[in-house]
Amino acid sequence: MHAESDLALGDPRLDQYHAELRRLAQHLAQARNRQEVVAALDALARHCAAHFAAEDEDLRRMQGNDDAVCHIDEHAAVLNSLAEVRDWVSGNDDVAGMANLVQSLCAELERWLPEHVRYMDSAVAAYRSKNRFGGAPIAFAPRLGG
């Protein structure tokens, strides 16, 4: 489990989206039957689709950002993974397999999200801030180890 500060970029909208994505993934991890898993997957997929669509618009407007295509591709891969897991869960009676698949997905999302925020979404936050204020946001975090 990561602290919320590992998702903070200084852009309130992005920070809220990321915190909600994490919350929905944690809710999915706690789902105990097929009905709960499908409902949690649907909520997570809706949230991700809306969040990624907003980011993708900014990414397409960013001039000279060579990472934009990779960033958009990562969004598509996450949505595809959510859809594949939902399809498997919906059409399979293997309860243990469902639990393992969902836990694996949630663990991967928890590993992926802070890295994606730090290395990909920070460019979106800087772009938004520069357009609004003429400069990049500053996010403060506690120092570790000293």
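In this report, the structure presented in the accompanying data block is examined. Owing to the predicted nature of the structure, the values given are computational and were not obtained by experimental measurement.

What about the overall build of the protein chain?
Then, in step 1: Each helix and strand in the protein chain was counted, giving four helices and zero strands.
Then, in step 2: Shown N-terminal to C-terminal, the secondary structure of the protein chain runs as helices and strands in the order α-α-α-α.
Then, in step 3: In the protein chain, buried positions account for 38% of the 146 residues.
Then, in step 4: Of the roughly 8,500 Å² of accessible surface on the protein chain, a fraction of 54% belongs to carbon and sulfur atoms.

As for the nonpolar core
Then, in step 1: Counting residues in each nonpolar core, the largest one holds 35 residues, and the members touching the most others are L28, V37, L44, L82 and L109.
Then, in step 2: Listing elements by their share of this core, those giving two or more residues are α1 (12-30), α2 (34-61), α3 (68-90) and α4 (95-133).
Then, in step 3: With 11 residues, the top contributor of residues to this core is α4.

Overview of the packing of α2 against α3
Then, in step 1: At a closest axis distance of 10 Å, the pairing of α2 and α3 adopts a crossing angle of 165°. In terms of orientation, α2 and α3 fall into the roughly antiparallel class. Classified by chirality, the crossing of α3 by α2 is left-handed.

Regarding α3
Then, in step 1: Compared with an ideal rise of 1.5 Å per residue, which puts 23 residues at 33 Å, α3 spans 33 Å between its outermost C-alpha atoms and is within 8% of the ideal.
Then, in step 2: Buried within α3 we find A68, H71, I72, H75, V78, L82, V85 and V89.

The rules behind each value
Residues numbered from 1 in each chain as written. Predicted model: local features only at pLDDT ≥ 70, side-chain atom pairs only at ≥ 80, totals over all residues. Heavy atoms only, no water. Helix = DSSP H or I, 4+ residues; strand = E, 2+ residues; numbered from the N terminus. Buried < 20%, exposed > 50% of the residue type's maximum accessible area, 1.4 Å probe, protein only. Areas by Shrake-Rupley, 256 points an atom, 1.4 Å probe, with all protein chains shown as cover. Core = buried A, V, L, I, M, F, W, Y, C linked by side-chain atoms within 4.5 Å. Axes fitted to C-alpha atoms, helices over the stretch in contact; angles between N-to-C directions. Parallel < 35°, antiparallel > 145°, perpendicular 65-115°, else oblique. Left-handed = near helix turned anticlockwise from the far one by under 90°. Expected span 1.5 Å × (residues − 1).

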